[in-house]
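# Observations on chain architecture
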Amino acid sequence: MLGNVTLMEYLGGGRAVAGHRPWPRYSLDERGWREMVHQLSVSDWTLLGLWADGTEVHAALRDEENAAIAVASVGCPDRRYPSLSGVRPAAIRLERAIHDLYGLTAEGLEDQRPWLDHGRWGQSAPLAIVRGAPPSGPVVYPFLPVEGESLHQIPVGPVHAGVIEPGHFRFTCAGETVVRLEERLGYTHKGVEGHMAGKSLIDAARLAGRISGDSTVAYAIAFARAAEAATGTEAPPRAHWMRALMAELERVANHILDFGAICNDAAFSFMLAQCTVLRERILSVNELCFGHRLLMDTVIPGGVAVDVTREGSSILRGLVKELRKRVRRLADVYDDMPSLQDRTVGTGIVQSSLAHRFGAGGFVGRAASQGGDARKVPGYPPYDDLDFEVPVHPEGDVNARIWQRLEEVTASLALIEQILERMPGGPLHKPIPTRGGEGMALVEGFRGEILLWLRLSEVGRVVRCHPRDPSWFQWPLLEAAIEGNIVADFPLCNKSFNCSYSGVDL
Amino acid sequence: MSLARLLFRELLRGPRTIEGPLPDPLGIEQLGRALGERARAGLGRSLRIREVDAGSCNGCELEIQAVNGPVYDLERFGIHFVASPRHADVLLVTGPVSRNMAEALRRTYDAMPSPKWVVAMGDCAADGGCFAGGYAVLGGVHHLLPVDLTIPGCPPTPLNLLSGLLALLEVAAVGSDGQASGA
Ligand code: SF4
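Residues numbered from 1 in each chain as written. Chains lettered and ligands numbered in written order. Predicted model: local features only at pLDDT ≥ 70, side-chain atom pairs only at ≥ 80, totals over all residues. Heavy atoms only, no water.

### Let's talk about the overall build of chain B
A count of helical and extended segments in chain B gives 6 helices and 5 strands. Counted from the first residue to the last, chain B has its helices and strands arranged as α-α-β-α-β-β-α-β-α-β-α. When each of the 183 residues of chain B is scored for burial, the buried share is 53%. As displayed, chain B offers around 7300 Å² of accessible surface, 53% of which is attributable to carbon and sulfur atoms. (Helix = DSSP H or I, 4+ residues; strand = E, 2+ residues; numbered from the N terminus. Buried < 20%, exposed > 50% of the residue type's maximum accessible area, 1.4 Å probe, protein only. Areas by Shrake-Rupley, 256 points an atom, 1.4 Å probe, with all protein chains shown as cover.)

Right under this line is the structure:
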């Protein structure tokens, strides 16, 4: 069966699970799952996500040849399932996380070290049907061994020097050069998936908007779309346009701040000051127009909770004009400074092939030739009705990620103008019927594609919600990108990725 | 446009900084109560802050960055973020205190010299916020450390944060009577 079989032909042989929308879900037995793993080794199917509930493991896949998407599920009566990590390295950390939360073991996964569980929860497998005992003594995390002459290690974190999220980085260096970076995360794990269970849609949506605060709009849209899919509801047209309006504002605000922060990490603080001022302009307009600086709780299942007035619309138009002019000026300054580019060009290179292997999207992937963008494929309203290009850069270095972001800002500003110009009238919200079902959504946040999977009970409460942040597939690339660079360039590389901690620690 | 021209324009246009808010009266009261029993060392209207994210969603961090920028310009009040807890007077904590961060938070606190203050920023740090309960969080900074000031909000706005910190500064300065510190 190897060769040119499509994802749908392949999974279509399994048992289709009713009530999973908008893409199908198939239930496989263990043999079928094993064969699927084998098929993955010869197929261009991207792993979009891998998660568990108490009894099953689910993998979301996309066939890159025809953009078809499907979920495959396998039951784990013996609390184990065949690992995908051999054919999709992106699965490694996801499988470690599944083990920590559900006590389900990926057979064939080489790295069986815990990921989220630091031995401090007073129990193990907290989301399993039967929870496990806590560790008997203090847990020592075994970092990967490194051998070689004159190597030294630099441990950094979880508390970093600046105001950023916590995580641990273990650098192994030969002189100034990093020969290996190992990340250890999980410090901000707050049990989001456990908290989701049993919540009403409105409460769960609020929580979804706090999975990664800088992407609150994108997460809230992902949650809303998954809930709408699960219940077979379609939000009114104006709600889609309002969502896109706020999502693009969020994208612009984040890209601009990061552009300044990257330059700041190359000791050019002027740019950070300028970008902070621009960002503040956006945030204060957000508050004025939508009542919240970060736009939290503005997107709800069934629609949106805010509207834009005529006056708000003209304020936003003014903002777009101002940003366009001022971002262009700052881009010129960057372009004009060889001393700055000396730090960014050729630094922290992500190989395109590696980005593809990990299925990394967002600006990290696009700055390394991987053109995916959920707004285009699979696409969702209103983007199918909007005119925009997704820029791509081939070089994969810090400089490419900077230009990638600046060009995405330009594209988003043009989108905001189109949205304001053409936004349809009508209601902002539609009630969600109380019924059970399963839904999945793919939404492009500023970091990349967010996947959110949702199972609702018959009384409309959350049974299981799994949000997969784009950073799951970008963090591992940072480990590779820093190799061979000097330690002093790490902040620069790290900032140019700006992966989420909270989004992956959950 | 060249950097030189842009800098020149910026010089001509004057500061982008907004006027500072008044210290939060409620905050002063809460702090007054918190510090009433203690002797306070004079800080000379200067506060050094070490921030620790104890499991936040990073929304609170975004607003801290805003406060640090030119528009709110925290430093003009003598308040300033430092990298080492050994240089800090104030521990500013965000997040519901995930169990995985509790030890690092406690160690950061222990590394700070006395007198020291703890500020819980945001609804999460106050009582766990929407992450309260469950196996993974302590549900508020007060479960681990003595909290002197709580700044509510999700996230608190820069002005909330600024007036809270100014209140802290007022109280610290009023108490600058040269007595030995006992925090
Ligand atoms: S208070 Fe709100 S913004 Fe701050 S960390 Fe908690 S959820 Fe995020």
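### Describing the overall build of chain A
Across its full length, chain A carries 17 helices and 16 strands. Scaling as 2.2 N^0.38, a compact globule of 506 residues should have a C-alpha radius of gyration of about 23 Å, and chain A matches this with 22 Å. Relative to its full complement of 506 residues, chain A shows a buried share of 63%. Approximately 17800 Å² of chain A is accessible, and the part contributed by carbon and sulfur atoms is 51%. Side-chain charges in chain A split into 52 positive and 62 negative, and the spacing between the mean points of these groups amounts to 6 Å. (Rg over C-alpha atoms; globule rule 2.2 N^0.38 Å. Lys, Arg positive; Asp, Glu negative; His and termini not counted. Charge placed at Lys NZ, Arg CZ, Asp CG, Glu CD.)

### Thoughts on the site of the ligand
Near the ligand the following residues occur: Arg210(A), Met296(A), Ser56(B), Cys57(B), Gly59(B), Cys60(B), Gly122(B), Asp123(B), Cys124(B), Gly153(B), Cys154(B) and Pro155(B). Taken together, the residues near the ligand originate from chains A and B. Of all the elements in the fold, those that place two or more residues in the shell around the ligand are helix H3 (59–68) and helix H5 (122–127) of chain B. Looking at side-chain class alone, the shell around the ligand contains 6 nonpolar, 4 polar and 2 charged residues. (Near = heavy atom within 4 Å. Nonpolar A, V, L, I, M, F, W, Y, C, P; charged D, E, K, R; others polar.)

### Observations regarding the domain arrangement of chain A
Partitioning chain A into structural domains gives domain 1 (7–107), domain 2 (151–184) and domain 3 (192–504). The gap between the C-alpha centroids of domain 1 of chain A and domain 2 of chain A is 33 Å. (Domains from an automatic or database assignment.)

### Description of the environment of Ala120(B)
All names here are of chain B. Within the fold, Ala120 resides in strand E4 (residues 117–121). When the C-alpha atoms of Ala120 and Val147 are compared, they prove to be 6.6 Å apart, with 27 residues separating the residues in sequence. Setting aside chain neighbours within four positions, we find Ala120 in contact with Val93, Ala125, Ala126, Val141, Val147, Leu149, Thr150 and Ile151. (Contact = heavy atoms within 4.5 Å.)

### A closer look at the nonpolar core
If you look at the biggest cluster of nonpolar residues, it comprises 164 residues, and the most contacted ones within it are Trp33(A), Val57(A), Leu84(A), Phe223(A), Leu245(A), Phe290(A) and Leu316(A). Examining the composition of this core, we find that 15 residues originate from one element, helix H7 (residues 237–265) of chain A, more than from any other. With near-sequence residues (within four places) excluded, Leu84(A) lies in contact with Trp33(A), Met36(A), Val37(A), Leu40(A), Leu47(A), Leu50(A), Ala59(A), Ala91(A) and Glu95(A). Judged by nonpolar contacts, the second largest core, of 27 residues, contains Ile49(B), Phe77(B), Ile79(B) and Leu162(B). (Core = buried A, V, L, I, M, F, W, Y, C linked by side-chain atoms within 4.5 Å.)

### Topic: the layout of surface pockets
A volume near 1200 Å³ is recorded for the largest pocket. Taken together, 46 residues make up the lining of the largest pocket; nearest its centre are Gly162(A), Val163(A), Ile164(A), Lys495(A) and Gln65(B). Elements with a minimum of two residues in the lining of the largest pocket: strand E9 (151–156), strand E10 (168–174), H7, helix H8 (269–290) and helix H16 (490–497) of chain A together with strand E1 (47–53), H3 and strand E2 (79–81) of chain B. Looking at the lining of the largest pocket residue by residue, the class counts come to 22 nonpolar, 13 polar and 11 charged. Each of domain 2 (151–184) and domain 3 (192–504) of chain A contributes no fewer than three residues to the lining of the largest pocket. (1 Å grid on protein atoms, 1.4 Å probe; cavity = no way out; pocket = protein on both sides within 12 Å on 5 of 7 lines; lining within 4 Å. Points joined across faces, edges and corners; volume = space filled by probe spheres on them.)

### Looking at the UniProt feature "binding site: Mg(2+)" (unreviewed entry) in chain A
All names here are of chain A. Cross-referencing UniProt, the feature "binding site: Mg(2+)" (unreviewed entry) maps to Glu193 in the present numbering. By the secondary structure assignment, Glu193 is in helix H4 (residues 192–196). On the basis of relative accessible area, Glu193 is assigned to the buried category, the value being 7%. Those residues in contact with Glu193 that lie beyond four places of it in its chain are Leu101, Leu127, Arg464, Cys465, His466, Pro467 and Leu506. (UniProt positions renumbered as here; feature names shortened; annotations may be inferred.)

### Overview of the packing of H8(A) against helix H9 (residues 310–335) of chain A
Residue and element names in this part refer to chain A. For the pair H8 and H9, interaxial distance at closest approach is 11 Å and the crossing angle is 170°. Considering their axes alone, H8 and H9 lie roughly antiparallel with respect to each other. When H8 is examined against H9, the residues Met271, Gln274, Cys275, Val277, Leu278, Arg281, Ile282, Val285, Leu288, Cys289 and Phe290 are found in contact with a partner set consisting of Gly312, Ile315, Leu316, Leu319, Glu322, Leu323, Arg326, Val327, Leu330, Val333 and Tyr334. Broken down by class, the residue content of the contact of H8 with H9 amounts to 17 nonpolar, 2 polar and 3 charged. (Axes fitted to C-alpha atoms, helices over the stretch in contact; angles between N-to-C directions. Parallel < 35°, antiparallel > 145°, perpendicular 65-115°, else oblique.)

### Things to note about the sheet that holds strand E6 (residues 69–75) of chain A
All names here are of chain A. As summarised here, the arrangement of the 5 strands in space is E1-E3-E6-E5-E4, forming an open sheet in which the pairing is mixed. The open sheet has two edge strands with one neighbour each: strand E1 (15–16) and strand E4 (45–52). Pairing geometry for E4 and strand E5 (residues 56–63), over 7 bridges, is antiparallel. Looking at the pairing, Trp51 lines up with His58 of E5. (Pairing = 2+ DSSP bridges.)

### Observations regarding the UniProt feature "domain: NADH-quinone oxidoreductase subunit D" (unreviewed entry) in chain A
Cross-referencing UniProt, the feature "domain: NADH-quinone oxidoreductase subunit D" (unreviewed entry) maps to residues 274–429 and 436–505 of chain A in the present numbering. Between the first and last C-alpha atoms of residues 436–505 of chain A the distance is 28 Å; the span itself is 27% helix and 33% strand.

### Here we look at the sheet that holds E10(A)
To summarise the sheet geometry, strands pair through backbone hydrogen bonds and adopt either a parallel or an antiparallel arrangement. All names here are of chain A. Across the sheet, which stays open at both edges, the 3 strands sit in the order E9-E10-E11 with antiparallel pairing between neighbours. Only two strands of the sheet have a single neighbouring strand rather than two, namely E9 and strand E11 (177–184). The mean inter-strand angle of the sheet, taken between neighbouring strand axes irrespective of direction, is 20°. When E9 meets E10, the two strands line up antiparallel, connected through 6 bridges. Bridge pairing in E10 places Pro155 opposite Arg170.

### Some details on the packing of aromatic side chains
All told, the structure shown has 15 aromatic pairs over all chains when counted by the stated rule. Between Trp51(A) and Trp453(A), the ring centres sit 5.4 Å apart and the planes meet at 45°, which makes this aromatic pair tilted. With Trp51(A) in strand E4 and Trp453(A) in strand E15 (residues 449–456), this residue pair connects regions lying 402 residues apart in the sequence. Per residue, the accessibility class of Trp51(A) equals that of Trp453(A), and both read buried. Considering the side-chain rings of Phe171(A) and Phe490(A), the 4.8 Å spacing of their centres and the 75° angle between planes classify their relative orientation as edge-to-face. Within this pair, whereas Phe171(A) is found in strand E10, its partner Phe490(A) is found in helix H16, the two being separated by 319 residues in sequence. Cluster of aromatic residues (ring-pair linked, three or more members): Phe169(A), Phe171(A), Trp475(A), Phe490(A) and Tyr501(A). Between Lys190(A) and the ring centre of Phe131(B), over which it is positioned, the NZ or CZ distance is 5.4 Å. Looking at Arg405(A), its charged tip hangs above the ring of Phe363(A), at a distance of 3.7 Å from the centre. (Phe/Tyr/Trp six-rings, centres within 6.5 Å; stacked < 30°, edge-to-face > 60°. Lys NZ or Arg CZ within 6 Å of the ring centre and 35° of its normal.)

### Some words on the pairing of E6(A)
All names here are of chain A. Among the 7 residues that make up E6, 6 are buried, leaving the element largely enclosed by the rest of the structure. The sheet contact formed by E5 and E6 spans 7 bridges and is antiparallel. Within E6, the residue paired with Ala59 across the bridge is Ala72.

### Remarks on the interface of chain A and chain B
Between chain A and chain B, the residue contacts involve 54 residues of the former and 50 residues of the latter. Interface area, chain A with chain B, both sides summed: about 4200 Å², of which 62% is carbon and sulfur. Linking chain A with chain B are 2 salt bridges, by the criterion used here. Note that Glu103(B) and Arg120(A) form a salt bridge whose closest N and O atoms lie 2.5 Å from each other. Inspection of the chain A/chain B interface yields 23 residue pairs in polar contact (both at pLDDT 80 or more). Only H4, H8 and H9 of chain A provide two or more residues apiece to the side of chain A that touches chain B. (Buried area = accessible area lost by both parts, 1.4 Å probe. Salt bridge = Lys/Arg side-chain N within 4 Å of Asp/Glu carboxyl O. Polar contact = N/O pair within 3.5 Å; in protein donor to acceptor, adjacent residues only side chain to side chain.)

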